[in-house]
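# A closer look at the structure
Here is what each chain is made of, one letter per residue.
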Amino acid sequence: MRSILLSLALFGGVAFTSNQTRVEGLAINLAPTARQAAPHAAPFLFYAAATGALLACGTAAALAGLVREEA
């Protein structure tokens, strides 16, 4: 049960970070110059990496919970 709750919490984090990635990506796309887009590059990369890491951890936690419940 704990792994399922952990998985849900991690997937909630995925929802947040993926939305932030989208927001920063839009800010980069809509910036008229590269100089105005530059401040959004680091947060974009951070949120993109965090989304991938949370998705991997959430999937692993969900699979661990399924394996434990079957055993």
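As the structure is a prediction and not an experimental result, all values here were calculated from the model.

## A closer look at the overall build of the chain
Across its full length, the chain holds three helices and zero strands. Ordering the α and β elements of the chain from the N terminus gives α-α-α. On C-alpha atoms alone, the chain measures out to a radius of gyration of 16 Å, which is more than a quarter above the 11 Å that the 2.2 N^0.38 rule sets for 71 residues. Once the C-alpha set of the chain is aligned to its principal axes, its extents read approximately 55 × 15 × 10 Å. Classification of the 71 residues of the chain by burial places 25% in the buried group. Residue pairs at least 24 apart in sequence account for 71% of intrachain contacts in the chain once pairs closer than 6 positions are excluded. Looking at the chain as shown, the accessible area adds up to about 4900 Å², and 71% of this sits on carbon and sulfur atoms.

## Considerations on the packing of aromatic side chains
Applying the stated criterion to the full structure yields two aromatic pairs. An angle of 85° between the planes, with centres 6.4 Å apart, marks the rings of Phe16 and Tyr47 as edge-to-face. In this pair, Phe16 sits in helix H1 (residues 2-30) while Tyr47 sits in helix H3 (residues 41-70), placing the two residues 31 residues apart along the sequence. Tyr47 sits in the buried class, given a relative accessible area of 17%. Where Phe46 meets Tyr47, the ring centres are 5.3 Å apart and the plane angle is 65°; that geometry is what we call edge-to-face.

## Topic: the confidence of the model for the chain
Residues of the chain with pLDDT of at least 70 account for 94%, and the chain-wide mean is 88. For the chain, per-element mean pLDDT is lowest for H3, which scores 86, and highest for helix H2 (residues 34-37), which scores 92.

The rules behind the values
- Residues numbered from 1 in each chain as written.
- Predicted model: local features only at pLDDT ≥ 70, side-chain atom pairs only at ≥ 80, totals over all residues.
- Heavy atoms only, no water.
- Helix = DSSP H or I, 4+ residues; strand = E, 2+ residues; numbered from the N terminus.
- Rg over C-alpha atoms; globule rule 2.2 N^0.38 Å.
- Buried < 20%, exposed > 50% of the residue type's maximum accessible area, 1.4 Å probe, protein only.
- Contact = heavy atoms within 4.5 Å.
- Areas by Shrake-Rupley, 256 points an atom, 1.4 Å probe, with all protein chains shown as cover.
- Phe/Tyr/Trp six-rings, centres within 6.5 Å; stacked < 30°, edge-to-face > 60°.
- pLDDT = per-residue confidence, 0-100.

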